[in-house]
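Each chain, letter by letter, is given below.
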Amino acid sequence: LGRYSYLPSALNSLSAQTMRPDEVLVVDQNPPELRQPELYEEYRDLNVRVIWLEERGQSVARNAALAEAQGDYVFLFEDDAVGDPDLIEQHYTWLHRYGAHVSTGVSIPPPPIEYTLPEEFRFPRVAQTFSSGNSLLTREALRLAGGFDRNYDHGVNADMDLGTRLYLAGALILHNPHAAMIHYKAPMGGLRVYGHWWAHSNVGMFRPFPPPTQVYYM
């Protein structure tokens, strides 16, 4: 949504994976008059399937893709991110090494920002976080958790909510520091369309803080 300038980099990084996905589902929520279907023509070798969705919202978008997914495993990714070439392979390897249901990775800011993972995040362990933009998980675990909550369509903490429900459903969630991506955190599109910025910072003098969805999660 509003991120056609970022999407090619994300798709190219999926195309360059050492373990390539069998299919790539993109939910496009741009208004019909702004759509760029020709962009996807360049990625036929990636088996890209576009779901044109006029209803907007992050949860309804992800649920629409999950309903169409064919594989036993689902990789959740961002439209404004670039993954390391072995991103999916690292997820898959460590998922099986520990018998986990979910492998959730790390996000690194783009250059020239210098960034080092905090010490407590540098080794694999049971996670207390979940990223809806960098995780590999079984489709069965998603089914048991019930997918994404539509109450978070236009607000923050959809990932925290799903991670909590995965945990309550008995899923083992692994924090995987070896599965890394660069996240550009685009200043436009996505949740920015609805006026939201970060979960833990004010979003403007005349907007509620904490955001309503954060209160809902609590």
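First, a word on scope: everything that follows refers to the structure included in this document. Since the structure is predicted, the reported quantities are computational estimates derived from the model, not experimental observations.

A word on the overall build of the protein
Move 1: Along its length, the protein carries 7 helices and 8 strands.
Move 2: Along the three orthogonal principal directions, the C-alpha set of the protein runs to about 45 × 45 × 40 Å.
Move 3: Across the 218 residues that make up the protein, the buried fraction comes to 49%.
Move 4: Counting contacts in the protein only where the partners sit at least 6 residues apart, residues at least 24 apart contribute 78% of the total.
Move 5: Carbon and sulfur atoms make up 55% of the accessible area of the protein, which totals about 11400 Å².
Move 6: Averaging the positions of the 17 positive and the 26 negative side-chain charges in the protein gives two centres separated by 3 Å.

A closer look at the packing of aromatic side chains
Move 1: Considering all chains together, one arrives at 6 aromatic pairs under this definition.
Move 2: Stacked on the ring of Phe148, the Lys or Arg Arg62 has its end atom at 5.3 Å from the ring centre.
Move 3: For Arg97, the ring lying beneath its charged end belongs to Trp94, and the centroid distance is 4.5 Å.

Quick notes on the side chain of Asp149
Move 1: Residue position: Asp149 is located in the loop between α5 (139-145) and α6 (158-168).
Move 2: Buried charged residue Asp149 carries no salt bridge. Nearest counter-charge: Arg165, at 5.3 Å.
Move 3: One polar contact links the side chain of Asp149 to the main-chain amide nitrogen of Asn151, over a distance of 2.9 Å.

A look at the pattern of salt bridges
Move 1: Evaluated as defined, the whole model comprises 10 salt bridges.
Move 2: For Arg3, the salt bridge goes to Asp79, with nearest N and O atoms at 2.9 Å. With Arg3 in the segment before α1 (7-15) and Asp79 in the loop between β3 (73-77) and β4 (81-83), the pair connects residues that are 76 residues apart, well separated along the chain.
Move 3: A relative accessible area of 23% places Asp79 in the partly exposed class.
Move 4: The salt bridge involving Asp161 is made with Arg165; its shortest N-O contact spans 2.8 Å. Of this pair, Asp161 and Arg165 are both found in helix α6, 4 residues apart, which corresponds to roughly one turn of the helix.
Move 5: Taking the relative accessible area as the measure of exposure, Asp161 reaches 9% and is therefore buried.
Move 6: Salt bridges sharing partners connect three or more residues here, namely Arg3, Asp79 and Asp80.

Digging into the nonpolar core
Move 1: Counting 24 residues, the largest nonpolar core has Leu11, Leu14, Val48 and Phe77 as the members making the most contacts within it.
Move 2: For this core, the elements supplying multiple residues, two or more each, are α1, β1 (24-28), α2 (38-41), β3, α4 (87-97) and β8 (173-183).
Move 3: Counting 18 residues, the second-largest nonpolar core is a separate cluster that includes Val74, Ala141, Leu142 and Ala171.

With respect to the side chain of Gln29
Move 1: Among the structural elements, Gln29 can be located in the loop between β1 and α2.
Move 2: Among residues more than four places away in sequence, those in contact with Gln29 are Leu1, Leu53, Glu55, Arg56, Gly57, Val60 and Ala61.

Some points on the pairing of β8
Move 1: By the criterion of burial, β8 is predominantly enclosed, with 9 of the 11 residues buried.
Move 2: Pairing of β4 with β8 involves 3 bridges; the strand directions are antiparallel. Bridged to Ala81 within β8 is His183.
Move 3: Looking at chain direction, strand β6 (residues 125-126) and β8 are connected through 2 bridges and run antiparallel. Along β8, the bridge assignment pairs Arg125 with His175.

Structural notes on the pairing of β1
Move 1: Within β1, 4 of the 5 residues are buried, which leaves the element mostly enclosed by the surrounding structure.
Move 2: Judged from the 5 bridges that link them, β1 and strand β2 (residues 48-52) form a sheet pairing that is parallel. Bridged to Val26 within β2 is Val50.

Quick notes on the rules
Residues numbered from 1 in each chain as written. Predicted model: local features only at pLDDT ≥ 70, side-chain atom pairs only at ≥ 80, totals over all residues. Heavy atoms only, no water. Helix = DSSP H or I, 4+ residues; strand = E, 2+ residues; numbered from the N terminus. Buried < 20%, exposed > 50% of the residue type's maximum accessible area, 1.4 Å probe, protein only. Contact = heavy atoms within 4.5 Å. Areas by Shrake-Rupley, 256 points an atom, 1.4 Å probe, with all protein chains shown as cover. Lys, Arg positive; Asp, Glu negative; His and termini not counted. Charge placed at Lys NZ, Arg CZ, Asp CG, Glu CD. Phe/Tyr/Trp six-rings, centres within 6.5 Å; stacked < 30°, edge-to-face > 60°. Lys NZ or Arg CZ within 6 Å of the ring centre and 35° of its normal. Salt bridge = Lys/Arg side-chain N within 4 Å of Asp/Glu carboxyl O. Polar contact = N/O pair within 3.5 Å; in protein donor to acceptor, adjacent residues only side chain to side chain. Core = buried A, V, L, I, M, F, W, Y, C linked by side-chain atoms within 4.5 Å. Pairing = 2+ DSSP bridges.

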